[in-house]
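# Remarks on the overall topology
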Amino acid sequence: MRDHLASTINVDLIKDYLRRYHGIDVFSYKDDFLRRRVRARMIATKCRDFMEYLRLLRTDPHEVKRFLDDMSINVSQFFRDPHIWEKVKTLVFEELIEEKRRTGRRTIKIWSAGCCRGEEPYTISIILHEILGAEINNFFITIIATDIDEDALESAKEGIYPRLSLTSVPLPLLSKYFMPVGNGLYAVKDHVKSLVKFMVHNLLKDPYPLFLDVIVCRNVFIYFSHEAQQRVLERFHRSLNN
């Protein structure tokens, strides 16, 4: 049945409807990705065919929101792929901080683009605290954390996570930067949260922040067409300091 659903989904009708009536442009997303999202919503809403789901989308604004929420795959964890973060720490952040010290500059501006529920920008904050220690107070650090999913951002601001999200956090860092709050949940400590500024942002249409030292954007491009990827990369390049 699922194969049949996939073969009868006309994503162009979805794209046209969202842009025409909601001002939302999803033409840059890959068709296969959109088709999987539509199929998942059809199954969830028990729609028998694509046209029935399209009628639901046209008449129920809540379903539009649910569909768009489903397009943001909020699966992440702290220090996801630890070996990558170790390289980022030594080859990116430590070198950046050394350059700042050498040139007498004290402003550090980092963008976590597509930050989900906040695991990535908080990971960056922890790394900077580990590198700088008490010296962190001598720097003006901003980690801009953006996503298109407002609900995910609200959860990120709260900063409370299940133990599963902390699987890759080394034990010494767990007690140093997190506080157990009961029921197997942990809260990010305030000094970690203080460096992070969350905001809603759509990479495909919204203005980009400027004068950035680092941009971290992981597991986002897989949803974009090749042309959209190129446009985003070009805008990233213009947003970075030399």
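So, here is what we can say about the structure in this document.

Moving on to the pairing of strand 4 (residues 178–182). As paired elements, strand 4 and strand 5 (residues 185–188) share 4 bridges and run antiparallel to each other. Paired with F178 across the two strands is V188, which belongs to strand 5. The antiparallel pairing of strand 4 with strand 5 creates a hairpin that spans 2 residues between the two strands, and N183 there sits at a positive phi of about 55°.

Moving on, we get to the side chain of R218. Relative to the elements of secondary structure, R218 occurs in the loop between strand 7 (214–216) and helix 11 (226–239). A polar contact is formed between the side chain of R218 and the backbone oxygen of R80, at a distance of 3.1 Å. Side-chain polar atoms of R218 contact the side chain of D81, separated by 2.7 Å. If sequence neighbours within four positions are ignored, R218 has contacts with R80, D81, I84, W85, A113 and E120.

The subject of this paragraph is the pattern of salt bridges. One pass over the full model with this rule turns up 13 salt bridges. E52 is the partner of R48 in a salt bridge, and the nearest nitrogen-oxygen pair spans 3.1 Å. By relative accessible area, which is 21% here, E52 ends up partly exposed. A salt bridge links K157 to E154, with the nearest nitrogen and oxygen atoms 3.4 Å apart. With K157 and E154 both in helix 8 (residues 150–158), this residue pair falls 3 residues apart, about one helical turn. The structure contains a network of salt bridges with shared partners spanning R41, D60, E63 and R66.

Another point: a nonpolar patch on the surface. On the surface, a nonpolar cluster with roughly 300 Å² of combined accessible area is contributed by I160, M179, V181 and L185. With relative accessibility at 32%, the residue L185 sits in the partly exposed group.

This model, assessed by the stated rule, comprises 9 aromatic pairs. Consider the rings of F221 and F236, whose centres lie 6.4 Å apart with planes at 15°: the pair is stacked. Of this pair, F221 sits in the loop between strand 7 and helix 11 while F236 sits in helix 11; the two residues are 15 residues apart in sequence, bridging distant segments of the chain. For the pair shown, F221 and F236 are each scored as buried. Three or more aromatic residues joined by ring pairs make a cluster, and in this case those are F78, Y122, Y161, F178 and F198. Lying over the aromatic face of Y186, R163 brings its terminal NZ or CZ to 6.0 Å of the ring centre.

Let's shift gears to the environment of P121. Its location among the elements puts P121 in helix 7 (residues 119–132). Judged by relative accessible area, which is 0%, P121 ranks as buried. Sequence separation between P121 and A145 is 24 residues, and the spatial gap between their C-alpha atoms is 6.2 Å. The residues contacting P121, other than those within four sequence positions of it, are S112, C115, I143, A145, V196 and F198.

Parameters and conventions
Residues numbered from 1 in each chain as written. Predicted model: local features only at pLDDT ≥ 70, side-chain atom pairs only at ≥ 80, totals over all residues. Heavy atoms only, no water. Pairing = 2+ DSSP bridges. Helix = DSSP H or I, 4+ residues; strand = E, 2+ residues; numbered from the N terminus. Polar contact = N/O pair within 3.5 Å; in protein donor to acceptor, adjacent residues only side chain to side chain. Contact = heavy atoms within 4.5 Å. Salt bridge = Lys/Arg side-chain N within 4 Å of Asp/Glu carboxyl O. Buried < 20%, exposed > 50% of the residue type's maximum accessible area, 1.4 Å probe, protein only. Patch = residues over 30% accessible without salt bridge, like charges linked within 9 Å, V, L, I, M, F, W, Y side chains within 5 Å. Areas by Shrake-Rupley, 256 points an atom, 1.4 Å probe, with all protein chains shown as cover. Phe/Tyr/Trp six-rings, centres within 6.5 Å; stacked < 30°, edge-to-face > 60°. Lys NZ or Arg CZ within 6 Å of the ring centre and 35° of its normal.

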